[in-house]
Amino acid sequence: MKKAFKIIGKVFFGLLILIVLFVIIMTIYNQIMLKKNKDLYETPLGQLVDIDGHNMSIYTEGKGEHTIVFMSGWDTVSPILDFKPLYSRLSDDYRCVVIEKFGYGFSDIVDGERDFDTILRQDREALKKAGIEAPYVLCPHSLSGFEATLWAQKYPDEVEAIVGLDMSTANYPELAEMKDSFPQKAAICINKALRATGVLRLMDFDISGTLSEQEKKIYKEIACHKDTNENIVSENENIGAVILEINSAALPETPTLQFLSGDNKNDELWYLTHKEYADASTRGEIVQLECGHYVHDFEYERISKDIKEFIEKDNG
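Asker: For the overall build of the protein, give the residues involved together with the corresponding values.
Answerer: Assigned secondary structure in the protein consists of 14 helices and eight strands. Here the C-alpha atoms of the protein give a radius of gyration of 21 Å, agreeing with the 20 Å that 2.2 N^0.38 yields for 316 residues. For the protein, the C-alpha atoms occupy an extent of roughly 80 × 45 × 35 Å along the three principal directions. Evaluated residue by residue, the protein yields a buried proportion of 51% over its 316 residues. Of the contacts made within the protein by residues no fewer than 6 positions apart, 80% connect residues no fewer than 24 positions apart. Surface summary for the protein: the accessible area is close to 14,900 Å², and the carbon and sulfur share equals 56%. Across the protein, the centroid of the 34 positively charged side chains sits 10 Å from that of the 52 negatively charged ones.

Asker: How would you explain the pairing of strand β5 (residues 136-140) if you had to name every residue and give the values?
Answerer: Within β5, five of the five residues are buried, leaving the element largely enclosed by the surrounding structure. Residues Tyr136, Leu138 and Pro140 line one face of β5 and the alternating positions Val137 and Cys139 line the opposite face, and both faces are buried. Sheet topology places strand β3 (residues 67-71) next to β5; four bridges connect them, and they run parallel. Counted as the bridge partner of Val69 is Leu138 from β5. When β5 meets strand β6 (residues 159-165), the two strands line up parallel, connected through three bridges. Directly across from Leu138, in β6, lies its bridge partner Ile162.

Asker: Tell me what's going on with the sheet that holds strand β8 (residues 284-288), and back it up with residues and numbers.
Answerer: Within a beta sheet, neighbouring strands are joined by backbone hydrogen bonds and run either parallel or antiparallel to one another. Read across the sheet, eight strands follow the order β1-β2-β4-β3-β5-β6-β7-β8 without closing on themselves; strand pairing throughout is mixed. Of all the strands in the sheet, the pair left with one neighbour each is β1 (47-51) and β8. Put simply, the sheet's adjacent strands are angled 20° from each other on average, direction ignored. Packing of helix α6 (residues 144-154) onto the sheet brings it into contact with β3, β4 (95-100), β5 and β6, and relative to β5 it is tilted by some 155°.

Asker: Provide a residue-level description of the environment of Ile109, including the pertinent values.
Answerer: With respect to the helices and strands, Ile109 occurs in the loop between β4 and α5 (116-129). Residue classification places Ile109 among the partly exposed positions, given a relative accessible area of 33%. The spacing of Ile109 and His54 is 55 residues in sequence and 8.6 Å in space, taken between C-alpha atoms. Leave out the neighbours within four places in its chain, and Ile109 touches Gly103, Lys226, Asn229, Glu230 and Asn231.

Asker: If you had to explain the pattern of salt bridges to someone new, which residues and values would you point to?
Answerer: A complete count under the given rule lists 18 salt bridges for this structure. Here Arg89 and Glu301 are joined by a salt bridge, their closest N and O atoms 3.1 Å apart. Placement of Arg89 in the loop between α4 (84-87) and β4 and of Glu301 in helix α14 (residues 300-314) is noted, with a sequence separation of 212 residues between them. According to the relative accessible area criterion, Glu301 is partly exposed, its value standing at 48%.

Asker: Break down helix α12 (residues 268-280) for me, citing the residues and quoting the values.
Answerer: Its 13 residues give α12 an end-to-end C-alpha distance of 18 Å, which sits within 8% of 18 Å, the value for a rise of 1.5 Å per residue. Within α12, the full set of buried residues consists of Trp270, Thr273, His274, Tyr277 and Ala278. The arc enclosing the buried residues of α12, seen along the axis, measures out at 140°, which places them on a common side. Counted as exposed and oriented over 90 degrees from the buried face of α12: Glu268 and Asp279.

Asker: An account of the layout of surface pockets is requested, with residue identities and associated values reported.
Answerer: Empty space left among the atoms is revealed by rolling a probe the size of a water molecule over them. Taken as a whole, the largest pocket spans an internal volume of roughly 760 Å³. As for the largest pocket, its lining consists of 32 residues, of which Trp74, Asp75, Ser142, His293 and Tyr294 are closest to the centre. If you list the elements that add at least two residues to the lining of the largest pocket, you get α7 (175-179) and α8 (182-197). Partitioned by chemical class, the residues of the lining of the largest pocket number 15 nonpolar, nine polar and eight charged.

Quick notes on the rules
Residues numbered from 1 in each chain as written. Predicted model: local features only at pLDDT ≥ 70, side-chain atom pairs only at ≥ 80, totals over all residues. Heavy atoms only, no water. Helix = DSSP H or I, 4+ residues; strand = E, 2+ residues; numbered from the N terminus. Rg over C-alpha atoms; globule rule 2.2 N^0.38 Å. Buried < 20%, exposed > 50% of the residue type's maximum accessible area, 1.4 Å probe, protein only. Contact = heavy atoms within 4.5 Å. Areas by Shrake-Rupley, 256 points an atom, 1.4 Å probe, with all protein chains shown as cover. Lys, Arg positive; Asp, Glu negative; His and termini not counted. Charge placed at Lys NZ, Arg CZ, Asp CG, Glu CD. Pairing = 2+ DSSP bridges. Axes fitted to C-alpha atoms, helices over the stretch in contact; angles between N-to-C directions. Salt bridge = Lys/Arg side-chain N within 4 Å of Asp/Glu carboxyl O. Expected span 1.5 Å × (residues − 1). Arc of directions from axis to C-beta. 1 Å grid on protein atoms, 1.4 Å probe; cavity = no way out; pocket = protein on both sides within 12 Å on 5 of 7 lines; lining within 4 Å. Points joined across faces, edges and corners; volume = space filled by probe spheres on them. Nonpolar A, V, L, I, M, F, W, Y, C, P; charged D, E, K, R; others polar.

As structure tokens, this is what we get:
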């Protein structure tokens, strides 16, 4: 028995050495690649506008009477590339805009608070400085649902409609606790470690399978440079406050089209909170999909078709 334990101990010790060597090699390799590929994550795909003395990235594609503004979910490090499968199918008919908040994509990582009122102010200013005037069809994914709701509550004349991509809603009572839970905090620590060690380089960020090889490289370099940075983490810490702020006022009457993922299909409360959101609007629709949380990377054909029908029906 002692001999067996010795053998097992040696095996585990050997594996530990291999893991440590792997992490060291990946960390060194990552630093080399970050320097080598610096242009990939520093050369913007859109334009940069000055907000509070820092550069914020805004991407625009297409023309039309309606302007669709895409707003990324939490820690989606490259919104421009993440939303591409969807906006590329809409830009023939509409002006499509992607906002990259501070800490995301080609925007700067900044000091200071990242509460949702600050984020909303900066995003509105960025659009105006880029010459993109309201009203907007806001298209938020996940956590950006809070900002979109706040936007419609405070500046209803600027929001023509809200198209939610499995978006977060403040009337879902478990969300604040979920975001402050041990699994979430553990995920943040793990993500930071994966970025610092360069293990992120082994991952495929092209969920849709539609990006070019060059776009995949850009996405990967941005992720290895910015994933789970302090701006992104700070957003997570401000969820409780924005939920209280939103729930202190009435839900917006803005027309809304809500796409729900299959991830929460069995969560009746998730559906009911979105139904409450839709019922409060002057015209609300809910579409249940059978795909993952990044609905726009799985069902971009279906979603683009439904968005066109929703916008044209609203103006027909």
